[in-house]
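# Understanding the architecture of this molecule
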4 protein chains.
Amino acid sequence: MVKNRTNLLIRFSDVDVLGIVWHGKYSYYFEDGREAFGNEFGLSYQDVYAQGYVTPIVHLEIDYKRSLKYGDQVYIETTYVDCEAAKIILDYKIVNENNDVLITGRTVQVFLDRDSRQLVLTVPPFFLNWKESHFLV
Amino acid sequence: MVKNRTNLLIRFSDVDVLGIVWHGKYSYYFEDGREAFGNEFGLSYQDVYAQGYVTPIVHLEIDYKRSLKYGDQVYIETTYVDCEAAKIILDYKIVNENNDVLITGRTVQVFLDRDSRQLVLTVPPFFLNWKESHFLV
Amino acid sequence: MVKNRTNLLIRFSDVDVLGIVWHGKYSYYFEDGREAFGNEFGLSYQDVYAQGYVTPIVHLEIDYKRSLKYGDQVYIETTYVDCEAAKIILDYKIVNENNDVLITGRTVQVFLDRDSRQLVLTVPPFFLNWKESHFLV
Amino acid sequence: MVKNRTNLLIRFSDVDVLGIVWHGKYSYYFEDGREAFGNEFGLSYQDVYAQGYVTPIVHLEIDYKRSLKYGDQVYIETTYVDCEAAKIILDYKIVNENNDVLITGRTVQVFLDRDSRQLVLTVPPFFLNWKESHFLV
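These numbers come from a predicted model, not from an experiment.

Let us look at the packing of aromatic side chains. Per the counting criterion, the structure on display carries 72 aromatic pairs over all chains. Between the aromatic rings of Tyr 53 of chain A and Phe 111 of chain A, the centroid separation amounts to 5.8 Å while the plane-to-plane angle is 80°, which identifies the pairing as edge-to-face. Remark: Phe 111 of chain A occurs in the loop between strand 6 (101–110) and strand 7 (112–113) and Tyr 53 of chain A occurs in strand 2 (residues 53–54); sequence separation between them is 58 residues. For Phe 111 of chain A, a relative accessible area of 0% corresponds to the buried category. Here Tyr 70 of chain B and Tyr 45 of chain C contribute two aromatic rings whose centre-to-centre distance is 5.6 Å and whose plane-to-plane angle is 75°, an arrangement assigned as edge-to-face. You can see Tyr 70 of chain B sitting in the loop between strand 3 (57–64) and strand 4 (74–81) and its partner Tyr 45 of chain C sitting in helix 2 (residues 45–50), one on each of two chains. Taking relative accessible area as the criterion, Tyr 70 of chain B reaches 17% and is therefore assigned buried. Ring pairs connect the aromatic residues Phe 37, Phe 41, Tyr 53, Tyr 80, Phe 111, Phe 126, Phe 127 and Trp 130 of chain A, which therefore count as one cluster.

We now examine the interface of chain D and chain C. With 21 residues of chain D in contact, the opposing surface of chain C contributes 21 residues. A combined buried area of about 2000 Å² lies between chain D and chain C, and 57% of that area is made up of carbon and sulfur atoms. Connecting chain D to chain C are 11 residue pairs in polar contact (both at pLDDT 80 or more). Residue assignment for the side of chain D that touches chain C shows that the elements contributing at least two residues are helix 1 (26–41) and strand 3 (57–64) of chain D. When residues in the side of chain D that touches chain C are grouped by element, the largest group, 8 residues, is from strand 3 of chain D. A per-class count over the side of chain D that touches chain C returns 11 nonpolar, 4 polar and 6 charged. With 5 bridges joining them, strand 3 (residues 57–64) of chain C and strand 3 of chain D adopt antiparallel strand pairing. Following the sheet pairing, Glu 61 of chain C is matched in strand 3 of chain D by Glu 61 of chain D.

Another point: the sheet that holds strand 4 of chain B. The sheet built from 10 strands is open, its strands ordered 1(A)-4(A)-5(A)-6(A)-3(A)-3(B)-6(B)-5(B)-4(B)-1(B) with antiparallel pairing. The two strands at the open ends of the sheet, each matched to only one other strand, are strand 1 (3–8) of chain A together with strand 1 (3–8) of chain B. Neighbour to neighbour, the strand axes of the sheet diverge by 15° on average, direction disregarded. Relative to strand 6 (residues 101–110) of chain B, strand 3 of chain B is paired through 7 bridges, and the arrangement is antiparallel. Note that in strand 6 of chain B the partner of Tyr 64 of chain B across the bridge is Ile 103 of chain B.

In this section: the sheet that holds strand 1 (residues 3–8) of chain C. Across the sheet, 10 strands lie side by side as 1(C)-4(C)-5(C)-6(C)-3(C)-3(D)-6(D)-5(D)-4(D)-1(D); this open sheet has antiparallel pairing. With one partner strand each, in any of the chains shown, strand 1 of chain C together with strand 1 (3–8) of chain D form the two edges of the open sheet. Averaged over all neighbouring strand pairs, the angle between strand axes comes to 15°, with direction disregarded. Two strands pair when backbone bridges link them, and strand 5 (residues 87–95) of chain D and strand 6 (residues 101–110) of chain D are joined in this way by 9 bridges, in the antiparallel orientation. Each residue of the ladder has a partner; that of Leu 90 of chain D, found in strand 6 of chain D, is Thr 107 of chain D.

This part covers the pattern of salt bridges. Residue and element names in this part refer to chain A. Tallied over the full model, the rule gives 32 salt bridges over all chains. A salt bridge links Asp 82 to Lys 131, with the nearest nitrogen and oxygen atoms 3.1 Å apart. Pair noted here: Asp 82 is in the loop between strand 4 (74–81) and strand 5 (87–95) and Lys 131 is in helix 3 (residues 125–133), with a separation of 49 residues, a long-range link. Take Asp 82: its relative accessible area is 35%, and that puts it in the partly exposed class. The exposure class of Lys 131 is buried, given its relative accessible area of 3%. What you see here is one network of salt bridges that share partners, running through Lys 3, Arg 5 and Glu 77.

The two copies are related by a screw operation: chain D maps onto chain C through 180° of rotation and 0.0 Å of translation along the axis, at an RMSD of 0.0 Å. In short, the pair behaves as if placed about a two-fold rotation axis. Minimal C-alpha distance to the rotation axis in chain D is attained by Glu 61 of chain D, lying at 2.1 Å. Of the interface residues in chain D, 100% have counterparts in chain C that sit at the interface too, so the contact is made through matching surfaces.

A word on the relation of the copies chain A and chain B. Taken as rigid bodies, chain A and chain B are interconverted by a rotation of 180° and an axial shift of 0.0 Å, the fit giving an RMSD of 0.0 Å. A high fraction, 100%, of the interface residues of chain A reappear at the interface in chain B, so the copies pair face to face through one surface.

The rules behind each value
Residues numbered from 1 in each chain as written. Chains lettered and ligands numbered in written order. Predicted model: local features only at pLDDT ≥ 70, side-chain atom pairs only at ≥ 80, totals over all residues. Heavy atoms only, no water. Phe/Tyr/Trp six-rings, centres within 6.5 Å; stacked < 30°, edge-to-face > 60°. Helix = DSSP H or I, 4+ residues; strand = E, 2+ residues; numbered from the N terminus. Buried < 20%, exposed > 50% of the residue type's maximum accessible area, 1.4 Å probe, protein only. Contact = heavy atoms within 4.5 Å. Buried area = accessible area lost by both parts, 1.4 Å probe. Polar contact = N/O pair within 3.5 Å; in protein donor to acceptor, adjacent residues only side chain to side chain. Nonpolar A, V, L, I, M, F, W, Y, C, P; charged D, E, K, R; others polar. Pairing = 2+ DSSP bridges. Axes fitted to C-alpha atoms, helices over the stretch in contact; angles between N-to-C directions. Salt bridge = Lys/Arg side-chain N within 4 Å of Asp/Glu carboxyl O. Least-squares fit on C-alpha atoms with pLDDT ≥ 70 in both.

Now the structure itself:
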């Protein structure tokens, strides 16, 4: 499984008047997970850009099982989900120190040509190589 | 159909280095839609709080069909989706002036007792009344 | 006085666990004021960009005299402060319906050449014209 | 000198269309510095709250000497500035790996009684002790 685990800082400013993290903040946490994943596995924004692509998010979903509070010590686990299409699918889990799952989610990214911003419908060669090097094809 | 339509301000700070709105910002736009809906139909945070409840979001999903840019003039349409469970389901559509659908999404909220923060499993009486008054039951 | 007044939406997500707007959110409100000012007086990001410049902020200050709460109805007043240097100085006041001043602040922007991103040390001709047309020179 | 130094994550979402960190994001970075400072020196939100106080920010200022970009490796240095009044003054510096100063700033916080939210005009005893223990009085 191609998976990164990184710890997560719950800022004071992330918490709403109910004392829990405001639901929209989790897209920032997922970004932190995605960046840590990209840095570990050579799939960062800069890596992909250098290959001639940008990969905007076209789908986001989040399920909130338990709420996070200011000061919580948690981890975000970001896992690659393989598919045949020219997409990057990542699953996210936020877990506490007991490994209880608090939040789950998913993002789907597509490939655009970096310059023309046109959608790329076939899997880019560099990404096929990336899959191979991680035993995914 | 119980539906609100409100116009949307795309701030400079909403836009990322690709010149499009960063995907995580849409949860703020949905919040704007939800607040406008709540204010029009008597289901605002304050209305619900006065009845003894808070309604945190337990599910969010967003599909990005086209990107928004700084300066775009768009509208967010927020529509109530009825269900039998003790939940508030809202669908969101962001449309441009030609009524092209750019973004769609959904939030699901549950009812917690305002003070104990315990989950409420049966539809609160005030919300049954709200449904009746909008011809939903 | 070259001054814009616009109303301000206090979002649920702007408020922290103390029930007041988190201090960092005011830079977004000032942005709303600055955009309304720019739209009214022909000095928007797009106007300036079309003239060949971008104007990043090099100084920000905010004084918090009273706190804002979720649901407050307030206004932001953005006033141009003239100076001889190649800078745009704007003062901000957030006032309530009784005109009580709740928040004050200032931003200072400099001119960069749009393409080279080099600092421009003399007042750009288009901005001199702008000043003249507003009886500032 | 009572000073904390912590490293800083520049997120993709922090960067605007010009490719630099949007000026309003720095209040989040200062918060990161303030929290790291509070955790190191026993002056965190929770420490202060346990003593019966909350300490909202009443003044913020930021000077932007150079811009930060996505991917930059930088540090935030947070330094306590002593004063006789019942205030917490912190100075912030964001520096790169060559110790070049990119950004400077300051926050001023006052003490409110945690429950009544009334302003406290004399230095709280716990804070006098804190100063003594750091050789500041």
